[in-house]
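Residues per chain, in single letters:
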Amino acid sequence: ADQARTDQSRSNQIPSVKVAIIGTGFSGLCMGIKLLEAGIDSFVLLEKKTDIGGTWRDNTYPGCACDVQSHLYSYSFEGNPEWSKVFSGWKEIQDYTNHCATKYGLRKYVHSGFEVASAIFDEHLGEWTLTSRDGQQVRAQTFVMGTGPLHVPAKPNIPGLESFKGEVFHSAEWNHDFDMKGKRVASIGTGGSAIQYVPEIAPDVDQLYVYQRTAAWVLPRNERAYTGVEKWLFRNAPGVRKLYRSMLYWMNESRLLPILNPTVASVFSKVAKLHIRKYIKDPELRAKLTPDYTIGCKRILISNKYLPTFNRSNVELITDGIQEVGEDHIVTRDGKKRDIDAIILGTGFQADPRNYLKDFVIQGRDGKTLLDEWKEGAEAYFGMTVKGFPNMFQLVGPNTGLGHNSVIFMIESQVHYVIECLKKMKTKNAQTMEVKPEIQTQFNEWIQNGLKNTVWSSGCASWYIQDNGKNFTIWPGSTWRYRLKTRSVPETSFVWKSLS
Ligand code: N01
(Lines give C-alpha, C1' and ligand atoms only; values in the text may rest on other atoms or scores of the structure.)
Protein backbone atom coordinates (compact mmCIF):
# COMPACT_ATOMS: atom_id res chain seq x y z
CA ALA A 1 0.00 0.00 0.00
CA ASP A 2 2.88 2.32 0.84
CA GLN A 3 4.47 1.67 -2.54
CA ALA A 4 1.16 2.38 -4.30
CA ARG A 5 0.82 5.64 -2.39
CA THR A 6 4.40 6.59 -3.25
CA ASP A 7 3.82 5.87 -6.94
CA GLN A 8 0.58 7.83 -6.92
CA SER A 9 2.19 10.83 -5.20
CA ARG A 10 5.13 10.71 -7.57
CA SER A 11 2.91 10.54 -10.63
CA ASN A 12 1.08 13.79 -9.93
CA GLN A 13 2.26 16.91 -11.62
CA ILE A 14 3.72 18.80 -8.68
CA PRO A 15 7.18 20.07 -9.64
CA SER A 16 9.88 18.55 -7.51
CA VAL A 17 13.19 20.05 -6.40
CA LYS A 18 15.93 19.09 -4.00
CA VAL A 19 15.62 22.21 -1.85
CA ALA A 20 12.80 24.75 -1.39
CA ILE A 21 13.87 27.98 0.27
CA ILE A 22 11.30 30.39 1.64
CA GLY A 23 12.26 34.05 1.50
CA THR A 24 14.68 36.11 -0.56
CA GLY A 25 16.26 38.21 2.17
CA PHE A 26 19.87 37.89 3.25
CA SER A 27 19.38 34.29 4.47
CA GLY A 28 17.40 32.93 1.52
CA LEU A 29 19.78 34.46 -1.01
CA CYS A 30 22.84 33.20 0.86
CA MET A 31 21.34 29.70 0.86
CA GLY A 32 20.79 29.87 -2.90
CA ILE A 33 24.32 31.13 -3.58
CA LYS A 34 25.93 28.40 -1.49
CA LEU A 35 23.74 25.67 -3.01
CA LEU A 36 24.96 26.66 -6.47
CA GLU A 37 28.52 26.72 -5.19
CA ALA A 38 28.02 23.16 -3.87
CA GLY A 39 26.79 22.06 -7.29
CA ILE A 40 23.12 21.83 -6.33
CA ASP A 41 20.95 23.68 -8.81
CA SER A 42 17.70 21.91 -8.11
CA PHE A 43 16.10 24.50 -5.83
CA VAL A 44 13.51 27.25 -5.72
CA LEU A 45 13.40 30.52 -3.83
CA LEU A 46 9.78 31.15 -2.85
CA GLU A 47 8.97 34.81 -2.31
CA LYS A 48 5.57 36.14 -1.24
CA LYS A 49 6.14 39.59 -2.71
CA THR A 50 7.05 40.65 -6.24
CA ASP A 51 10.52 41.93 -5.42
CA ILE A 52 13.36 40.11 -3.74
CA GLY A 53 14.95 41.35 -0.49
CA GLY A 54 13.48 40.92 2.96
CA THR A 55 13.79 43.51 5.71
CA TRP A 56 15.47 46.06 3.44
CA ARG A 57 12.70 45.84 0.87
CA ASP A 58 9.97 46.25 3.50
CA ASN A 59 11.48 48.84 5.83
CA THR A 60 11.72 52.11 3.92
CA TYR A 61 10.78 54.63 6.62
CA PRO A 62 12.66 57.96 6.68
CA GLY A 63 16.09 57.45 8.20
CA CYS A 64 15.89 53.65 7.92
CA ALA A 65 19.43 52.34 8.10
CA CYS A 66 21.32 49.42 9.50
CA ASP A 67 22.92 49.85 12.89
CA VAL A 68 25.65 47.36 12.01
CA GLN A 69 28.49 48.69 9.83
CA SER A 70 27.91 47.85 6.15
CA HIS A 71 31.38 46.40 5.59
CA LEU A 72 30.35 43.81 8.17
CA TYR A 73 26.62 43.68 7.42
CA SER A 74 27.27 42.08 4.03
CA TYR A 75 28.41 38.66 2.85
CA SER A 76 32.03 37.77 3.64
CA PHE A 77 32.37 36.43 0.08
CA GLU A 78 30.92 39.52 -1.60
CA GLY A 79 32.65 42.58 -0.27
CA ASN A 80 31.44 45.93 -1.51
CA PRO A 81 34.15 48.61 -1.67
CA GLU A 82 31.55 51.19 -2.67
CA TRP A 83 29.61 51.50 0.61
CA SER A 84 29.07 55.24 0.90
CA LYS A 85 29.22 55.46 4.68
CA VAL A 86 29.79 53.42 7.81
CA PHE A 87 26.09 52.60 8.40
CA SER A 88 24.22 52.40 5.10
CA GLY A 89 20.62 53.29 4.51
CA TRP A 90 18.00 50.75 3.44
CA LYS A 91 18.23 51.66 -0.25
CA GLU A 92 21.95 50.99 -0.50
CA ILE A 93 21.53 47.64 1.29
CA GLN A 94 18.60 46.70 -0.92
CA ASP A 95 20.70 47.57 -4.00
CA TYR A 96 23.41 45.28 -2.62
CA THR A 97 20.99 42.33 -2.22
CA ASN A 98 19.72 42.93 -5.77
CA HIS A 99 23.31 43.00 -7.02
CA CYS A 100 24.04 39.67 -5.26
CA ALA A 101 20.89 38.03 -6.69
CA THR A 102 21.92 39.04 -10.22
CA LYS A 103 25.66 38.38 -9.91
CA TYR A 104 25.15 34.88 -8.50
CA GLY A 105 22.46 34.00 -11.05
CA LEU A 106 19.66 33.52 -8.55
CA ARG A 107 16.83 35.30 -10.38
CA LYS A 108 15.74 32.28 -12.42
CA TYR A 109 15.20 30.32 -9.19
CA VAL A 110 12.88 32.93 -7.67
CA HIS A 111 9.14 32.24 -7.72
CA SER A 112 7.63 35.54 -6.69
CA GLY A 113 4.05 35.88 -5.50
CA PHE A 114 4.38 32.43 -3.87
CA GLU A 115 3.26 32.98 -0.28
CA VAL A 116 3.63 29.64 1.43
CA ALA A 117 0.51 28.66 3.36
CA SER A 118 1.56 25.14 4.29
CA ALA A 119 4.51 22.78 4.30
CA ILE A 120 3.53 19.15 4.85
CA PHE A 121 6.01 16.33 5.30
CA ASP A 122 5.23 13.03 3.59
CA GLU A 123 6.88 10.20 5.52
CA HIS A 124 6.52 7.69 2.69
CA LEU A 125 8.28 9.91 0.20
CA GLY A 126 10.59 11.57 2.70
CA GLU A 127 9.66 14.89 1.09
CA TRP A 128 7.91 18.14 1.85
CA THR A 129 5.03 19.57 -0.16
CA LEU A 130 4.76 23.34 0.00
CA THR A 131 1.51 24.98 -1.04
CA SER A 132 0.97 28.68 -1.67
CA ARG A 133 -2.10 30.68 -0.64
CA ASP A 134 -3.35 30.51 -4.23
CA GLY A 135 -2.83 26.76 -4.56
CA GLN A 136 0.54 26.50 -6.34
CA GLN A 137 2.63 23.59 -5.13
CA VAL A 138 6.20 22.40 -5.06
CA ARG A 139 7.73 19.25 -3.59
CA ALA A 140 11.17 19.29 -2.03
CA GLN A 141 13.38 16.83 -0.19
CA THR A 142 14.61 19.65 2.03
CA PHE A 143 12.94 22.86 3.02
CA VAL A 144 14.74 25.88 4.41
CA MET A 145 12.98 28.76 6.13
CA GLY A 146 14.69 32.03 5.42
CA THR A 147 11.68 33.97 6.60
CA GLY A 148 13.50 36.16 9.10
CA PRO A 149 12.50 36.44 12.73
CA LEU A 150 11.31 40.06 12.60
CA HIS A 151 9.09 40.57 9.60
CA VAL A 152 5.46 40.47 10.77
CA PRO A 153 4.53 43.87 12.27
CA ALA A 154 3.24 43.83 15.85
CA LYS A 155 0.26 46.16 16.07
CA PRO A 156 -0.57 47.22 19.62
CA ASN A 157 -3.79 46.32 21.29
CA ILE A 158 -4.71 49.85 22.37
CA PRO A 159 -8.40 50.52 23.16
CA GLY A 160 -10.05 52.55 20.40
CA LEU A 161 -7.16 52.36 17.92
CA GLU A 162 -9.47 50.91 15.27
CA SER A 163 -11.85 53.86 15.69
CA PHE A 164 -9.18 56.41 14.76
CA LYS A 165 -10.23 58.21 11.56
CA GLY A 166 -6.83 59.65 10.58
CA GLU A 167 -3.83 57.96 9.00
CA VAL A 168 -2.36 54.94 10.81
CA PHE A 169 0.58 52.88 9.65
CA HIS A 170 3.38 50.70 11.01
CA SER A 171 7.04 51.66 10.57
CA ALA A 172 7.57 48.62 8.33
CA GLU A 173 4.58 49.61 6.15
CA TRP A 174 5.40 53.28 5.77
CA ASN A 175 2.88 55.27 3.74
CA HIS A 176 5.12 57.45 1.57
CA ASP A 177 2.04 59.08 -0.01
CA PHE A 178 1.06 60.60 3.32
CA ASP A 179 2.25 64.20 3.47
CA MET A 180 3.26 64.99 7.05
CA LYS A 181 3.64 68.72 6.50
CA GLY A 182 1.51 70.69 8.89
CA LYS A 183 0.15 67.53 10.57
CA ARG A 184 -0.05 66.59 14.24
CA VAL A 185 1.58 63.18 14.38
CA ALA A 186 1.72 60.67 17.23
CA SER A 187 4.49 58.08 17.22
CA ILE A 188 4.15 55.06 19.51
CA GLY A 189 7.26 53.14 20.59
CA THR A 190 10.91 54.09 21.06
CA GLY A 191 12.82 51.08 19.68
CA GLY A 192 15.39 50.79 16.89
CA SER A 193 12.95 51.87 14.17
CA ALA A 194 11.35 54.85 15.95
CA ILE A 195 14.67 56.36 17.00
CA GLN A 196 15.61 56.45 13.33
CA TYR A 197 12.44 58.02 11.88
CA VAL A 198 11.56 60.40 14.77
CA PRO A 199 14.45 62.84 14.03
CA GLU A 200 13.73 62.67 10.29
CA ILE A 201 10.03 63.57 10.44
CA ALA A 202 10.25 66.09 13.30
CA PRO A 203 11.23 69.07 11.09
CA ASP A 204 8.34 68.34 8.68
CA VAL A 205 5.40 67.95 11.01
CA ASP A 206 3.46 70.64 12.80
CA GLN A 207 3.59 68.73 16.10
CA LEU A 208 5.17 65.39 17.01
CA TYR A 209 4.07 63.47 20.09
CA VAL A 210 6.43 60.62 20.97
CA TYR A 211 4.71 58.07 23.23
CA GLN A 212 7.38 56.23 25.19
CA ARG A 213 6.56 53.16 27.28
CA THR A 214 10.17 52.32 28.14
CA ALA A 215 13.16 54.58 27.59
CA ALA A 216 15.88 53.07 25.39
CA TRP A 217 19.61 53.05 26.07
CA VAL A 218 21.12 55.07 23.26
CA LEU A 219 24.86 55.21 22.53
CA PRO A 220 26.67 57.53 20.11
CA ARG A 221 26.68 56.49 16.47
CA ASN A 222 30.10 56.82 14.86
CA GLU A 223 28.67 57.73 11.51
CA ARG A 224 30.64 59.20 8.64
CA ALA A 225 30.99 58.97 4.88
CA TYR A 226 33.98 57.07 3.51
CA THR A 227 36.58 59.24 1.85
CA GLY A 228 37.68 58.78 -1.75
CA VAL A 229 41.02 57.43 -0.54
CA GLU A 230 39.35 54.81 1.66
CA LYS A 231 37.12 53.66 -1.19
CA TRP A 232 40.10 53.50 -3.50
CA LEU A 233 41.90 51.30 -0.98
CA PHE A 234 38.83 49.07 -0.47
CA ARG A 235 38.57 48.72 -4.25
CA ASN A 236 42.24 48.14 -5.04
CA ALA A 237 43.58 46.48 -1.91
CA PRO A 238 41.07 43.79 -0.93
CA GLY A 239 43.37 42.86 1.95
CA VAL A 240 42.74 46.27 3.52
CA ARG A 241 38.98 45.84 3.16
CA LYS A 242 39.15 42.38 4.77
CA LEU A 243 41.29 43.69 7.61
CA TYR A 244 38.81 46.53 8.15
CA ARG A 245 35.95 44.03 8.17
CA SER A 246 37.63 41.90 10.83
CA MET A 247 38.36 44.98 12.89
CA LEU A 248 34.65 45.86 12.80
CA TYR A 249 33.76 42.28 13.68
CA TRP A 250 35.95 42.24 16.81
CA MET A 251 34.85 45.73 17.77
CA ASN A 252 31.21 44.61 17.72
CA GLU A 253 32.06 41.32 19.39
CA SER A 254 33.43 43.31 22.34
CA ARG A 255 29.88 44.65 22.85
CA LEU A 256 29.21 41.23 24.34
CA LEU A 257 31.20 42.26 27.40
CA PRO A 258 28.51 44.43 29.04
CA ILE A 259 26.02 41.68 28.31
CA LEU A 260 28.06 39.11 30.19
CA ASN A 261 29.73 41.30 32.77
CA PRO A 262 27.85 43.72 35.10
CA THR A 263 30.96 45.86 35.74
CA VAL A 264 31.44 46.52 32.04
CA ALA A 265 27.68 47.11 31.74
CA SER A 266 27.91 49.90 34.29
CA VAL A 267 30.70 51.56 32.25
CA PHE A 268 28.51 51.37 29.13
CA SER A 269 25.53 52.89 30.97
CA LYS A 270 27.77 55.74 32.20
CA VAL A 271 28.73 56.47 28.59
CA ALA A 272 25.07 56.37 27.59
CA LYS A 273 24.15 58.73 30.45
CA LEU A 274 26.85 61.17 29.31
CA HIS A 275 25.34 60.91 25.83
CA ILE A 276 21.94 61.96 27.24
CA ARG A 277 23.52 64.73 29.31
CA LYS A 278 25.31 66.06 26.23
CA TYR A 279 22.04 66.67 24.40
CA ILE A 280 19.39 67.11 27.08
CA LYS A 281 19.88 69.96 29.52
CA ASP A 282 16.43 69.89 31.14
CA PRO A 283 16.76 67.52 34.15
CA GLU A 284 13.11 66.48 34.07
CA LEU A 285 13.27 65.54 30.40
CA ARG A 286 16.62 63.84 30.99
CA ALA A 287 15.14 61.71 33.75
CA LYS A 288 12.32 60.62 31.44
CA LEU A 289 14.79 59.64 28.73
CA THR A 290 17.03 57.69 31.11
CA PRO A 291 16.23 53.95 31.21
CA ASP A 292 15.80 52.19 34.54
CA TYR A 293 16.87 48.72 33.42
CA THR A 294 20.33 47.22 32.93
CA ILE A 295 21.92 48.25 29.66
CA GLY A 296 21.90 45.46 27.05
CA CYS A 297 18.76 43.77 28.38
CA LYS A 298 16.94 45.22 25.36
CA ARG A 299 18.80 46.03 22.15
CA ILE A 300 21.26 48.91 22.67
CA LEU A 301 20.43 51.64 20.16
CA ILE A 302 22.84 54.00 18.46
CA SER A 303 21.96 57.52 17.31
CA ASN A 304 23.30 61.06 17.47
CA LYS A 305 20.06 62.51 16.14
CA TYR A 306 17.36 61.00 18.35
CA LEU A 307 17.98 62.71 21.70
CA PRO A 308 18.46 66.28 20.35
CA THR A 309 15.06 65.97 18.64
CA PHE A 310 13.44 66.46 22.04
CA ASN A 311 14.88 69.96 22.24
CA ARG A 312 12.64 71.04 19.37
CA SER A 313 9.64 73.14 20.32
CA ASN A 314 7.28 71.01 18.18
CA VAL A 315 8.27 67.68 19.78
CA GLU A 316 6.84 66.37 23.05
CA LEU A 317 7.92 63.22 24.89
CA ILE A 318 4.94 61.58 26.58
CA THR A 319 5.62 58.97 29.22
CA ASP A 320 2.14 58.62 30.68
CA GLY A 321 0.67 55.40 29.30
CA ILE A 322 -1.94 55.55 26.56
CA GLN A 323 -5.43 55.04 27.94
CA GLU A 324 -7.37 55.13 24.70
CA VAL A 325 -7.46 56.37 21.16
CA GLY A 326 -10.47 58.27 19.85
CA GLU A 327 -11.55 59.28 16.33
CA ASP A 328 -9.07 62.18 16.24
CA HIS A 329 -7.12 62.08 19.50
CA ILE A 330 -5.18 60.08 22.08
CA VAL A 331 -5.91 60.20 25.81
CA THR A 332 -3.18 59.29 28.30
CA ARG A 333 -3.64 57.90 31.82
CA ASP A 334 -3.17 61.35 33.34
CA GLY A 335 -6.37 62.35 31.52
CA LYS A 336 -4.64 64.56 28.94
CA LYS A 337 -6.20 64.58 25.48
CA ARG A 338 -4.08 65.41 22.44
CA ASP A 339 -5.68 66.03 19.04
CA ILE A 340 -3.83 64.28 16.24
CA ASP A 341 -4.01 63.66 12.48
CA ALA A 342 -1.87 60.53 12.20
CA ILE A 343 -0.44 57.67 14.25
CA ILE A 344 2.80 55.89 13.41
CA LEU A 345 3.30 52.53 15.07
CA GLY A 346 6.96 52.01 15.85
CA THR A 347 5.86 49.05 17.90
CA GLY A 348 8.14 46.36 16.53
CA PHE A 349 7.50 42.87 15.24
CA GLN A 350 5.99 39.54 16.22
CA ALA A 351 9.22 38.01 17.43
CA ASP A 352 7.77 34.76 18.76
CA PRO A 353 7.67 32.24 15.89
CA ARG A 354 4.44 30.87 17.35
CA ASN A 355 2.90 34.22 16.41
CA TYR A 356 4.57 34.95 13.12
CA LEU A 357 4.02 31.39 11.88
CA LYS A 358 0.36 31.41 12.97
CA ASP A 359 -1.00 31.43 9.41
CA PHE A 360 1.60 29.03 8.04
CA VAL A 361 0.95 25.33 8.72
CA ILE A 362 4.16 23.34 9.08
CA GLN A 363 3.35 19.69 9.59
CA GLY A 364 6.13 17.22 10.26
CA ARG A 365 6.20 13.54 11.13
CA ASP A 366 3.06 11.88 12.58
CA GLY A 367 0.90 14.84 11.54
CA LYS A 368 2.35 17.05 14.27
CA THR A 369 2.49 20.75 13.50
CA LEU A 370 5.34 23.02 14.49
CA LEU A 371 2.91 25.10 16.54
CA ASP A 372 1.96 21.95 18.51
CA GLU A 373 5.61 21.09 18.95
CA TRP A 374 6.33 24.61 20.20
CA LYS A 375 3.23 24.89 22.40
CA GLU A 376 5.40 25.25 25.50
CA GLY A 377 7.97 27.43 23.75
CA ALA A 378 10.05 27.60 20.58
CA GLU A 379 13.33 25.72 20.55
CA ALA A 380 15.59 24.03 18.04
CA TYR A 381 19.01 22.45 17.74
CA PHE A 382 21.50 25.23 16.94
CA GLY A 383 18.44 27.26 15.97
CA MET A 384 18.04 25.23 12.79
CA THR A 385 16.56 21.75 13.17
CA VAL A 386 13.60 20.56 15.23
CA LYS A 387 12.79 17.00 16.33
CA GLY A 388 9.89 15.52 14.37
CA PHE A 389 10.59 17.78 11.38
CA PRO A 390 13.04 15.91 9.15
CA ASN A 391 14.96 17.84 6.49
CA MET A 392 13.59 21.16 7.72
CA PHE A 393 16.03 23.96 8.52
CA GLN A 394 15.32 27.38 9.92
CA LEU A 395 17.80 30.22 9.36
CA VAL A 396 18.02 32.69 12.27
CA GLY A 397 15.72 30.37 14.21
CA PRO A 398 15.35 30.12 18.01
CA ASN A 399 18.32 31.38 20.05
CA THR A 400 20.43 32.46 17.12
CA GLY A 401 19.55 36.16 17.17
CA LEU A 402 22.15 38.67 18.33
CA GLY A 403 22.13 41.80 20.40
CA HIS A 404 25.70 42.77 19.63
CA ASN A 405 27.03 41.82 16.19
CA SER A 406 26.10 41.19 12.56
CA VAL A 407 23.45 38.55 12.00
CA ILE A 408 24.93 37.94 8.54
CA PHE A 409 27.79 36.15 10.33
CA MET A 410 25.25 33.78 11.92
CA ILE A 411 23.46 33.31 8.59
CA GLU A 412 26.69 32.30 6.84
CA SER A 413 27.46 29.80 9.64
CA GLN A 414 23.98 28.30 9.30
CA VAL A 415 24.03 28.09 5.52
CA HIS A 416 27.38 26.29 5.73
CA TYR A 417 25.84 23.84 8.21
CA VAL A 418 22.82 23.14 5.98
CA ILE A 419 25.12 22.43 3.04
CA GLU A 420 27.16 20.07 5.24
CA CYS A 421 23.92 18.29 6.18
CA LEU A 422 22.94 17.89 2.52
CA LYS A 423 26.39 16.52 1.68
CA LYS A 424 26.21 14.09 4.56
CA MET A 425 22.76 12.87 3.51
CA LYS A 426 24.19 12.19 0.08
CA THR A 427 27.25 10.27 1.30
CA LYS A 428 25.12 8.27 3.74
CA ASN A 429 22.55 7.64 1.01
CA ALA A 430 19.92 8.97 3.40
CA GLN A 431 16.63 10.48 2.30
CA THR A 432 16.00 12.17 5.63
CA MET A 433 17.82 13.38 8.70
CA GLU A 434 16.20 14.36 11.96
CA VAL A 435 17.68 15.63 15.19
CA LYS A 436 17.37 13.20 18.13
CA PRO A 437 14.98 14.48 20.83
CA GLU A 438 17.48 14.03 23.68
CA ILE A 439 20.12 15.98 21.74
CA GLN A 440 17.73 18.88 21.20
CA THR A 441 16.80 18.85 24.90
CA GLN A 442 20.43 18.76 26.06
CA PHE A 443 21.32 21.55 23.68
CA ASN A 444 18.52 23.79 24.94
CA GLU A 445 19.43 23.11 28.56
CA TRP A 446 22.93 24.24 27.66
CA ILE A 447 21.54 27.38 26.00
CA GLN A 448 19.32 28.30 28.96
CA ASN A 449 22.22 27.65 31.33
CA GLY A 450 24.40 29.95 29.27
CA LEU A 451 21.78 32.67 29.51
CA LYS A 452 21.82 32.58 33.31
CA ASN A 453 23.76 35.44 34.90
CA THR A 454 23.69 37.46 31.69
CA VAL A 455 22.01 40.82 31.37
CA TRP A 456 18.99 39.11 29.73
CA SER A 457 18.18 37.41 33.01
CA SER A 458 18.22 40.74 34.86
CA GLY A 459 14.44 40.93 34.71
CA CYS A 460 13.61 43.60 32.13
CA ALA A 461 10.57 42.88 29.95
CA SER A 462 11.55 42.33 26.34
CA TRP A 463 10.49 40.44 23.25
CA TYR A 464 13.57 38.23 23.73
CA ILE A 465 11.61 36.34 26.40
CA GLN A 466 8.67 34.05 25.63
CA ASP A 467 5.68 33.42 27.89
CA ASN A 468 7.36 30.43 29.61
CA GLY A 469 10.00 32.86 30.86
CA LYS A 470 12.72 31.46 28.59
CA ASN A 471 14.81 33.58 26.30
CA PHE A 472 14.16 32.00 22.90
CA THR A 473 15.79 34.69 20.81
CA ILE A 474 19.40 35.24 21.73
CA TRP A 475 22.56 33.21 21.21
CA PRO A 476 24.20 33.34 24.63
CA GLY A 477 27.78 33.98 23.71
CA SER A 478 30.23 34.87 21.06
CA THR A 479 29.43 34.43 17.42
CA TRP A 480 32.74 32.72 16.71
CA ARG A 481 31.74 30.04 19.22
CA TYR A 482 28.60 29.47 17.15
CA ARG A 483 30.73 29.39 14.00
CA LEU A 484 33.05 26.75 15.47
CA LYS A 485 30.18 24.62 16.73
CA THR A 486 28.49 24.61 13.33
CA ARG A 487 31.56 23.85 11.19
CA SER A 488 30.65 20.17 11.00
CA VAL A 489 27.57 18.03 11.52
CA PRO A 490 27.78 15.56 14.42
CA GLU A 491 26.43 12.36 12.86
CA THR A 492 25.31 10.89 16.16
CA SER A 493 23.03 13.86 16.86
CA PHE A 494 20.71 12.84 14.02
CA VAL A 495 18.65 9.88 12.86
CA TRP A 496 19.44 9.18 9.20
CA LYS A 497 16.93 7.24 7.12
CA SER A 498 16.99 5.85 3.61
CA LEU A 499 13.87 5.13 1.60
CA SER A 500 13.20 1.40 1.86
O1 N01 B 1 10.78 47.44 17.52
P2 N01 B 1 11.14 47.20 19.07
P3 N01 B 1 11.58 48.19 16.39
N4 N01 B 1 2.20 50.55 23.71
O5 N01 B 1 10.39 45.96 19.44
C6 N01 B 1 6.97 49.91 22.12
C7 N01 B 1 15.62 45.51 14.42
N8 N01 B 1 16.04 46.76 13.88
O9 N01 B 1 10.82 48.08 15.12
O10 N01 B 1 10.10 48.59 25.24
C11 N01 B 1 3.26 51.36 23.79
O12 N01 B 1 12.56 47.28 19.33
C13 N01 B 1 8.04 49.15 22.86
O14 N01 B 1 8.01 49.49 24.22
P15 N01 B 1 8.60 48.46 25.35
C16 N01 B 1 16.30 45.33 15.76
O17 N01 B 1 16.60 43.98 15.98
C18 N01 B 1 17.27 46.74 13.41
O19 N01 B 1 11.98 49.52 16.81
O20 N01 B 1 8.12 47.08 24.94
N21 N01 B 1 4.47 51.06 23.33
C22 N01 B 1 9.28 49.66 22.14
O23 N01 B 1 9.68 50.91 22.58
C24 N01 B 1 15.22 45.80 16.66
O25 N01 B 1 15.39 45.33 17.95
C26 N01 B 1 17.76 47.85 12.87
O27 N01 B 1 8.05 48.94 26.61
C28 N01 B 1 4.61 49.87 22.74
C29 N01 B 1 8.78 49.78 20.69
O30 N01 B 1 7.38 49.90 20.75
C31 N01 B 1 14.02 45.26 15.93
O32 N01 B 1 14.28 45.49 14.57
C33 N01 B 1 17.03 49.03 12.82
C34 N01 B 1 3.54 48.96 22.61
C35 N01 B 1 9.10 48.58 19.84
O36 N01 B 1 10.47 48.46 19.75
C37 N01 B 1 12.71 45.90 16.22
O38 N01 B 1 12.86 47.32 16.29
C39 N01 B 1 15.74 49.03 13.31
C40 N01 B 1 2.29 49.33 23.13
N41 N01 B 1 1.24 48.52 23.08
C42 N01 B 1 15.26 47.88 13.84
N43 N01 B 1 4.01 47.85 21.98
C44 N01 B 1 19.11 47.72 12.33
O45 N01 B 1 19.70 48.70 12.04
C46 N01 B 1 5.31 48.06 21.73
N47 N01 B 1 5.66 49.28 22.20
C48 N01 B 1 19.76 46.38 12.19
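Scroll up to find the structure this text is about.
The structure displayed is predicted, hence computed values, not measured ones. (Residues numbered from 1 in each chain as written. Predicted model: local features only at pLDDT ≥ 70, side-chain atom pairs only at ≥ 80, totals over all residues.)

Moving on, we come to the overall build of the protein. Helix and strand content of the protein: 15 helices and 20 strands. For the protein, the C-alpha radius of gyration of 24 Å lies close to 23 Å, the compact-globule estimate for 500 residues. The principal-axis extent of the C-alpha atoms belonging to the protein is close to 75 × 55 × 45 Å. Per-residue burial for the protein yields a buried fraction of 41% across its 500 residues. For the protein, restricting intrachain contacts to residue pairs at least 6 apart in sequence, the fraction spanning at least 24 positions comes to 72%. (Helix = DSSP H or I, 4+ residues; strand = E, 2+ residues; numbered from the N terminus. Rg over C-alpha atoms; globule rule 2.2 N^0.38 Å. Buried ≥ 20, exposed ≤ 12 C-beta atoms within 10 Å, placed from the backbone. Contact = placed C-beta atoms within 7 Å.)

Before going further, it helps to examine the site of the ligand. Inspection of the region around the ligand gives 22 residues, with Pro156, Gly189, Gly191, Gly192 and Gly348 positioned closest. Broken down by class, the residue content of the shell around the ligand amounts to 9 nonpolar, 10 polar and 3 charged. (Near = placed C-beta within 6 Å. Nonpolar A, V, L, I, M, F, W, Y, C, P; charged D, E, K, R; others polar.)

Further remarks concern the sheet that holds strand 12 (residues 315-318). Across the sheet, which stays open at both edges, the 5 strands sit in the order 7-16-8-9-12 with parallel pairing between neighbours. Either end of the sheet is taken by a strand with one partner, and the two such strands are strand 7 (167-170) and strand 12. Direction aside, neighbouring strands of the sheet carry axes that sit 15 degrees apart on average. Sheet topology places strand 8 (residues 184-188) next to strand 9 (residues 207-211); 5 bridges connect them, and they run parallel. By the bridge assignment, Arg184 is partnered in strand 9 with Gln207. (Pairing = 2+ DSSP bridges. Axes fitted to C-alpha atoms, helices over the stretch in contact; angles between N-to-C directions.)

A few words on unusual backbone geometry. Phi at Asp366 is positive, roughly 60 degrees, even though this residue is not glycine. Within the secondary structure, Asp366 is located in the loop between strand 17 (361-363) and helix 12 (370-373). On the neighbour-count criterion, Asp366 (8 C-beta atoms within 10 Å) is exposed. For Asn399, which is not glycine, the phi dihedral falls at a positive 60 degrees. With respect to the element layout, Asn399 can be found in the loop between strand 18 (392-394) and helix 13 (407-427).

Right, let's talk about helix 4 (residues 90-103) for a bit. Between its first and last C-alpha atoms helix 4 spans 20 Å; for 14 residues at 1.5 Å apiece the expected length is 20 Å, and the two agree. Restricting attention to buried positions, one finds in helix 4 the residues Trp90, Ile93, Gln94, Tyr96, Thr97, Cys100 and Ala101. Seen end-on, helix 4 carries its buried residues on one side only, within an arc spanning 155 degrees. Away from its buried face by more than 90 degrees, helix 4 exposes Lys91, Thr102 and Lys103. As for helix 4, its buried residues are in contact with helix 2 (26-37) and helix 3 (55-58). One or two residues past the end of helix 4 sits Gly105, with phi positive at roughly 65 degrees. (Expected span 1.5 Å × (residues − 1). Arc of directions from axis to C-beta.)

In this structure, Ala20, Ile21, Leu46, Leu130, Val144 and Val218 are the most contacted members of the largest nonpolar core, which totals 120 residues. For this core, the element with the most residues is helix 13, which contributes 9 residues. (Core = buried A, V, L, I, M, F, W, Y, C linked by C-beta atoms within 7 Å.)

Here we come to the sheet that holds strand 13 (residues 322-325). Strand order in the open sheet made by the 3 strands is 13-14-15, with antiparallel pairing throughout. What marks the edges here is a single partner per strand, and that holds for strand 13 and strand 15 (337-339). With direction set aside, neighbouring strand axes in the sheet form an average angle of 20 degrees. Where strand 13 meets strand 14 (residues 329-332), 3 bridges bridge the pair, whose relative direction is antiparallel. Within strand 14, the residue paired with Glu324 across the bridge is Val331.

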